[in-house]
Amino acid sequence: MIRQPRRPLRTALRALPAVLIAAASPMLPLGMGTAYAATELPDAPYSLDATVSPAPLSTTDCTADLRCALVASPTGGDDYTVLQNALNAAGTRASAAVVDANGVVVTPALPGTVLLGEGTYSITKPLKLPVNVNLRGSSIKTTAIKIADAAPWSNFGYSFMIRPAADQSLTLEPSPGSVNAVSDLTLNGRCVKGKGGYSETGSKEPTIVPEDLPLSGCESDYATENNAGGGIKVGNRWTVQQVRFTNFNYFKLWVNGTRDAHIVDNRWDNWFGAGSGDEDNIGGGGENTGTVIENNQWDQTIRGNSFDFTHARNVTFRNNKVVANRYYAEQRKVTGYGSVYLESVVGGTFSDNDLKGANIVLKSNSGYSHTGENLNVTNTRDIVVTRNLIHDTFNTAITAVYDDYAGAPTHVRNPGGNNTITDNVITNTAESAILITGVSNADKNAPDTITGNQITNVGVRGSTQYSGFDTVGIAIGIGDGDKVHHNSIVDDQAWPTSWYGMQIGATTSNKNISVTNIELTDATGGWNTTSGLLGGQRKYGTLAALAPTGLTAPNGAFTWSESVAQDPATYSPVGGYRVYRNGVEVAAYPVGSPVIPGNLYSADQSGMENGIAGYTGSGATVAAKTGDAAVGNGSMLVTTGSTTGTVTVAGLAVPVTAGTAYTSVTSFKALTSGGRSVRTGMTWRDATGKSLGKFAPNHRNTVASTGNWVTSSYTYVAPAGAVKAEPFLVIDNSLAGEQHLIDRVGLVAGTNTEGWTDGAWAPGNRYQVVAYRVSDSQNSTAATVIG
């Protein structure tokens, strides 16, 4: 048997490569947990009762069948030998299938059967099912097989309680056309001794070992258990039906390198004090093909992913129900669980599932050790995700990530794409609803289709950005010709959290991915529709400014730092700021706030409402101006002299403390000719008035315009000996006779130069501030604080 390494990443963030994880914003800004906390108790119906399965095989029917043998009850000790002998004998009663030269079944196999009576059977070694043998219990509630308390873990190292007697694979067929079934029983992996049994009245609470402790989640530590004691490893054409998996340290169900396995109407839980390792509930891959997983249920007490295949083809996952909630996530100290992962899966349909808390992730295998089947990278492609109900997620609802690993060893990169995400109903996601992102355009060579999805309320846990995207209905960061239309994105909350219907392009600076030729409508003319969103229908991420930083709000007195363009190459100046309280815009400041909080310059020095006393120009003349100002009515008119060159303006000095960081801020506007770099800074002076240096930013990212005001800011630590500072304002390469305006001059200790006071401030209110662009009013990502 191929040994499978334990997977080290335990949270939903392993959906994204490291470069994207680094760009992800924290789940909850400071204070958000209190504002959004709700008493989330265990919930959602989960039942062991069959939904689509026939009644279990009865003792009477078994007795009447010459191919069936009954094991009436447990021995009270180690039942391994009795059960294994019964299975071996059943193999002699089976008839193999007859197949033609092409492998097509002409006469179906007639399997032998072992029926287990009621009770709990203990085994000390894995049971090995011969081909064409069925193992059935009396019912999922009354028949159980468990790993014996005395069995050493080494007996089950990298193995399973039930597995094929002979190795099977896509190319290795010990009996073509064979069939096997395991049904109508419970498997208990002895993660916690004496727990996990069924009781009509017992407590359904699990045993929880928090993830931050050095334990596997079971009674013993990780080193002792050493990847031991899984549930079932299926073979070719196995059916696993009405089986309850509980109390396991290792993979609960393993489907690897097989064909046409059928996993139907099973249950996963950790009821009655059971524990769980963090391995997948259904795991595997190995290019398994034709696997059908349907009508199964995962209870909220599970641990780990509900499903994760790495390397598989033509997978069907339908009509399943997964429940994961924050109560158990917080108990285990994880950010999420229950997720559905498709890693390097080519072809398949994921439809009509009900996922609470859990999400669906399509990605490559690049995150594994780059050897063996994971030397080459295959991105997931040709998947249909449709008609799923996905709600209350820990992160995004549906994510597709296209990536590769860099450098050695030399390997083949297989791009993905052609995935279809359609007609899903997505509600109350912590992050965006649908996220399509990646690392390089070379990793995706076919467009995705995203249509007909109904999305309601994203970002409900307080996040405003993840992996370079605001909390939006649909985020597209990579692709050429993707089709995104006929989706509905709505926010119906009293306090809206959804910013846009769609974001095209990430706000991060990865220039190796792009979105081109996106189709936002089809031949019928249908577009995406939106309602109740904070920012509107659409955002172009690469153009927006960086978010304000340093947002604080002591008792409703808000301050924050200046925003700047995220990429000077696509420069568009910040036009101003908007403030939102509980999802409603309550203030808008073109250019900036009328008052600079903590300004060391006087109101007259800053706003020039009463003239420009104390200001002098070098290379230019200065004069008072009215009627055109950044704030108020007054400003300073700067007229360049007869010589083209750099113009500077100085002002009155104010006291400062050496070693303290100060920020200078100034707004500029061109009157006659735009395009000049404008900068703000400060001149430091010692106690004698001697200059200790004039400092302003070296970059030329703030450019004056005749159509709008722009703001420059600069932070610097006062040098040793500095006792005063004065404004040092710069206009570069100004032509002779040009005129510019200056207003809103400030110097503050620290970095925050914008401010607003809320007269209706109250504890628990959610406040958000965005910077918007001059050209198109596109918002930055929001900065958030809780009152």
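My aim in this report is to walk through the structure given alongside it, one point at a time.

How each quantity is defined
Residues numbered from 1 in each chain as written. Predicted model: local features only at pLDDT ≥ 70, side-chain atom pairs only at ≥ 80, totals over all residues. Heavy atoms only, no water. Disulfide = S-S within 2.5 Å. Buried < 20%, exposed > 50% of the residue type's maximum accessible area, 1.4 Å probe, protein only. Helix = DSSP H or I, 4+ residues; strand = E, 2+ residues; numbered from the N terminus. Pairing = 2+ DSSP bridges. Axes fitted to C-alpha atoms, helices over the stretch in contact; angles between N-to-C directions. Salt bridge = Lys/Arg side-chain N within 4 Å of Asp/Glu carboxyl O. Core = buried A, V, L, I, M, F, W, Y, C linked by side-chain atoms within 4.5 Å. Contact = heavy atoms within 4.5 Å.

1. Here we look at the state of the cysteines
Moving on, step 1. One pass over the full model with this rule turns up two disulfides.
Moving on, step 2. Covalent S-S linkage joins cysteine 62 and cysteine 68, the inter-sulfur distance amounting to 2.0 Å. Given an S-S torsion of about -100 degrees, the disulfide between cysteine 62 and cysteine 68 has left-handed geometry. Taken individually, cysteine 62 and cysteine 68 each receive the classification buried, so the pair is uniform in this respect.
Moving on, step 3. With a sulfur-sulfur separation of 1.9 Å, cysteine 191 is cross-linked through a disulfide to cysteine 218. Given an S-S torsion of about -110 degrees, the disulfide between cysteine 191 and cysteine 218 has left-handed geometry. Taken together, the positions of cysteine 191 in the loop between β10 (180-188) and α5 (222-225) and cysteine 218 in the loop between β10 and α5 put the pair 27 residues apart, joining distant regions of the chain.

2. Focus on the sheet that holds strand β48 (residues 584-590)
Moving on, step 1. On the basis of which strands lie adjacent, the open sheet formed by four strands has the order β48-β47-β61-β62 and antiparallel pairing. Where the open sheet ends on each side, the last strands, each with one partner, are β48 and β62 (783-786). Pairwise comparison of adjacent strand axes, ignoring direction, gives a mean angle of 20 degrees for this sheet.
Moving on, step 2. As paired elements, strand β47 (residues 574-581) and strand β61 (residues 766-773) share seven bridges and run antiparallel to each other. Among the inter-strand pairings, arginine 581 is bridged to a residue of β61, identified as tyrosine 767.

3. Overview of the pattern of salt bridges
Moving on, step 1. Counted according to the given criterion, the structure contains 25 salt bridges.
Moving on, step 2. Here aspartate 49 ties to lysine 141 by a salt bridge, and the two come within 3.1 Å at their closest N and O atoms. With a gap of 92 residues between them, aspartate 49 in the loop between α2 (32-36) and α3 (59-64) and lysine 141 in the loop between β7 (133-137) and β8 (143-147) connect regions that are remote in the sequence.
Moving on, step 3. Between aspartate 404 and arginine 413 there is a salt bridge, with its nearest N and O atoms 3.0 Å apart.
Moving on, step 4. Judged by relative accessible area, aspartate 404 falls into the buried class, the value being 16%.

4. A closer look at the nonpolar core
The tendency in soluble globular proteins is for nonpolar side chains to be buried side by side.
Moving on, step 1. One finds Ile145, Ile162, Leu187, Ile232, Leu253, Ile282 and Ile434 to be the most contacted residues of the largest nonpolar core, which totals 87 residues.
Moving on, step 2. For leucine 187, the contacting residues outside a window of four places in its chain are Ile145, Met161, Ile162, Gly231, Ile232, Val243, Arg244, Phe245, Thr246 and Phe248.
Moving on, step 3. Among the nonpolar cores identified, the runner-up in size contains 28 residues, and Ala620, Val638, Val647 and Ala704 belong to it.

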